[in-house]
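Summary of structural features
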Amino acid sequence: MADRVVLAYSGGLDTSVAISWIGKQTGAEVVAVAIDLGQGGEDMESVRQRALDCGAVESIVVDARDEFAEQYCVPTVQANALYMGRYPLVSAISRPLIVKHLVEAAKEHGGTTVAHGCTGKGNDQVRFEVGFGALAPDLDVLAPVRDYAWTREKAIAFAEEHAIPIPVTKSSPFSIDQNVWGRAVETGFLEDLWNAPTKDVYDYTEDPTLNWTAPDEVIITFEAGVPVAIDGRKVTPLEAIVELNRRAGAQGVGRLDMVEDRLVGIKSREIYEAPGAIALITAHQELEDVTLERELARFKRTADQRWAELVYDGLWFSPLKYALDAFLAQTQERVSGDVRMQMHGGRAWVDGRRSEQSLYDFNLATYDEGDTFDQSYAKGFVQLHGLSSKVAAKRDLGL
């Protein structure tokens, strides 16, 4: 039996050409694996058939939409994960899921090598290959686009020379990656930082400066940090994301234009659309403010940031990430309740919270009749709290 290469297959030009190229260069058979992450667009059966038409010996389509939502998007919400305080890890959280299914396909179909279509300038090569190393260090890795300096022109020429049945249409000016969690757009005229994005950059969101319809009010219900209902109607995590993509997107929520610090050491201008992700993370953060004890909440903010950095850096399967997962799971046990949110003009903001696990005590907080806070405790507390600073100040001032 010939060696087999398991290829992460998107259905596009590069990975379609890669099927034939790998066969001719290595003599190996290619097993194409396409993952449905709710990216929409082309029918996945057409993608599966294209891989066979291009020479794959096996073509597999995995419907991973619910798995992605429950095991990758929900932890991202629970970690309030925003890389550089803004980016909800749209592409980063999809890569370990793809890695997992490629490794499973390699085991099932006798693969000795896994292949991806990443370039050498991006983060995804790291996410794929570090993931492969963690889950199946015995597998070899092939990266033809990176290691053989493919260009679009070279790929088209190869397809024409070898009669590969891949339709080549006018090239998009952008590089786009999308799934149900969001959409990432880069390259083209966006590489000039002074150029504003044009309307054709966006797809998941409406222009917030033009759409001045009434605000959309939504109530999101969480149980142990998991979104379980929208406006009182039970939903799965996938259904929650899909509905909030639609409703928040219609209000222009979730547009991001940022210069991002890539893992490989360069800065890159990225445009993101993540309406459902931003809405859910915003709501979840507010519910944590009500249900988490102060010192736990303070420490968790540090853990959240580190979790986001690890995932962005391709370390989903690392020991520190696993340890943080356990910590985050513990913090979510009492993050249950309802959050009322308004979405309008590109913004999502919370104006109501309620929870049976709330640590908000009205009688302690109120300044009106019924106040149970004993203010006589405050004088001594303030004096002790500032005592070390006061002692140091006296020394420094020579008093």
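From a predicted model like this one, the values you see are computed outputs, not experimental measurements.

This part takes up the overall build of the chain. The helix and strand tally for the chain stands at 14 helices and 14 strands. In terms of overall dimensions, the chain has a C-alpha envelope of 85 × 55 × 45 Å along the principal axes. When burial is assessed residue by residue, the chain has 49% of its 399 residues classed as buried. Sequence-distant contacts, at least 24 apart, represent 73% of the contacts inside the chain between residues at least 6 apart. When the accessible surface of the chain is totalled, it reaches about 20,000 Å², and 52% of it is carbon and sulfur. Separation between the mean location of the 40 positive side-chain charges and that of the 61 negative ones in the chain comes to 5 Å.

Before going further, it helps to spend a moment on the pattern of salt bridges. Within the structure shown, the criterion is met by 29 salt bridges. We note a salt bridge from Arg247 to Asp216, for which the minimum N-O separation is 2.9 Å. Placement of the pair is Arg247 in helix H8 (residues 237–250) and Asp216 in strand E8 (residues 216–223), with a sequence separation of 31 residues. The residues Arg247 and Asp216 share a single accessibility class, namely buried.

What follows is about the nonpolar core. Core analysis: the largest hydrophobic core is formed by 78 residues, its most contacted members being Val33, Phe68, Leu89, Ile93, Trp181 and Trp307. Setting aside anything within four residues of it in sequence, one finds Val33 in contact with Val6, Leu7, Ala8, Tyr9, Ile60, Val62, Leu102 and Ala105. Of all hydrophobic cores here, the second largest spans 28 residues; its members include Val17, Trp21, Val30 and Ala115.

Hydrogen bonds between backbone groups are what pair the strands of a sheet, and the pairing can be parallel or antiparallel. Reading across from one edge, E3-E2-E1-E4-E5 is the order of the five strands in this open sheet, with parallel pairing throughout. Strands at the two margins of the open sheet, each flanked by one partner only, are strand E3 (58–63) and strand E5 (140–142). Pairs of neighbouring strands in the sheet enclose a mean axial angle of 25 degrees, with direction left out of account. Bridge analysis of strand E4 (residues 113–115) against E5 gives three bridges, and the strand direction is parallel. Bridged to Val114 within E5 is Val141. Along the sheet, helix H2 (residues 44–53) makes contact with strand E2 (29–36) and E3, crossing E3 at roughly 160 degrees. Helix H4 (residues 94–109) rests against strand E1 (4–8), E2, E3 and E4 of the sheet, and its axis sits at about 155 degrees to E1.

For the rest of this paragraph, the subject is the side chain of Asn245. Its place among the elements puts Asn245 in helix H8. Of note is the side chain of Asn245, whose polar atom sits 2.8 Å from the backbone oxygen of Val180. Setting aside residues no more than four positions away along its own chain, Asn245 makes contact with Val180, Tyr204, Ala250, Pro275, Gly276 and Ala277.

Our next topic: a nonpolar patch on the surface. A cluster of nonpolar residues, Leu384, Leu387 and Val391, forms a patch on the protein surface that exposes about 310 Å² of accessible area. Position of Leu384 relative to the elements: it lies in helix H13 (residues 376–385).

Here we take up the packing of aromatic side chains. Taken as a whole and assessed by the stated rule, the structure comprises eight aromatic pairs. Note on Tyr72 and Trp316: the rings are 4.9 Å apart at their centroids and 20 degrees apart in plane angle, and the pair reads as stacked. One end of the pair, Tyr72, is in helix H3 (residues 65–78); the other, Trp316, is in the loop between helix H10 (294–312) and helix H11 (319–331), with 244 residues separating them in the sequence. You'll find Tyr72 and Trp316 in the same group, each marked buried.

Turning our attention to the pairing of E8. By the bridge criterion, seven bridges tie E8 to strand E13 (residues 337–344) in an arrangement that is antiparallel. In the strand pairing of E13, Ile220 is matched with Val339. In this antiparallel pair of consecutive strands, E8 and strand E9 (residues 226–230), the connection spans two residues, and Ala224 shows a positive phi of 50 degrees.

It is worth spelling out the pairing of E9 at this point. Counting buried positions over the five residues of E9 gives four, a clear majority of the element. Note that E8 and E9 share four bridges and pair antiparallel. Following the sheet pairing, Glu223 is matched in E9 by Val226. Sheet analysis places E9 next to strand E10 (residues 233–234), joined by two bridges and oriented antiparallel. Bridge pairing in E10 links Ile230 to Arg233. Counting the residues between successive antiparallel strands, the hairpin from E9 to E10 contains two residues, one of them, Asp231, with a positive phi of roughly 50 degrees.

Moving on, we get to the environment of Leu89. By secondary structure assignment, the location of Leu89 is in the loop between H3 and H4. Along the sequence, Leu89 and Ala277 sit 188 residues apart, while their C-alpha atoms lie 9.4 Å from each other. Those residues in contact with Leu89 that lie beyond four places of it in its chain are Thr76, Ala81, Tyr83, Trp181, Trp307, Ala308, Val311 and Tyr312.

Turning next to helix H1 (residues 13–26). Helix length check: H1 (14 residues) gives 20 Å between terminal C-alpha atoms against 20 Å at 1.5 Å per residue, within 8%. Helix geometry: H1 is bent most strongly at Ile19, by close to 30 degrees. Among the residues of H1, Leu13, Thr15, Ser16, Val17, Ala18, Ile19, Ser20, Trp21 and Ile22 are the ones counted as buried. Within two residues after H1, Gly27 carries a phi angle of roughly 75 degrees, on the positive side.

The rules behind the values
Residues numbered from 1 in each chain as written. Predicted model: local features only at pLDDT ≥ 70, side-chain atom pairs only at ≥ 80, totals over all residues. Heavy atoms only, no water. Helix = DSSP H or I, 4+ residues; strand = E, 2+ residues; numbered from the N terminus. Buried < 20%, exposed > 50% of the residue type's maximum accessible area, 1.4 Å probe, protein only. Contact = heavy atoms within 4.5 Å. Areas by Shrake-Rupley, 256 points an atom, 1.4 Å probe, with all protein chains shown as cover. Lys, Arg positive; Asp, Glu negative; His and termini not counted. Charge placed at Lys NZ, Arg CZ, Asp CG, Glu CD. Salt bridge = Lys/Arg side-chain N within 4 Å of Asp/Glu carboxyl O. Core = buried A, V, L, I, M, F, W, Y, C linked by side-chain atoms within 4.5 Å. Pairing = 2+ DSSP bridges. Axes fitted to C-alpha atoms, helices over the stretch in contact; angles between N-to-C directions. Polar contact = N/O pair within 3.5 Å; in protein donor to acceptor, adjacent residues only side chain to side chain. Patch = residues over 30% accessible without salt bridge, like charges linked within 9 Å, V, L, I, M, F, W, Y side chains within 5 Å. Phe/Tyr/Trp six-rings, centres within 6.5 Å; stacked < 30°, edge-to-face > 60°. Expected span 1.5 Å × (residues − 1). Bend = angle between axes of the 7 residues up to and from the residue.

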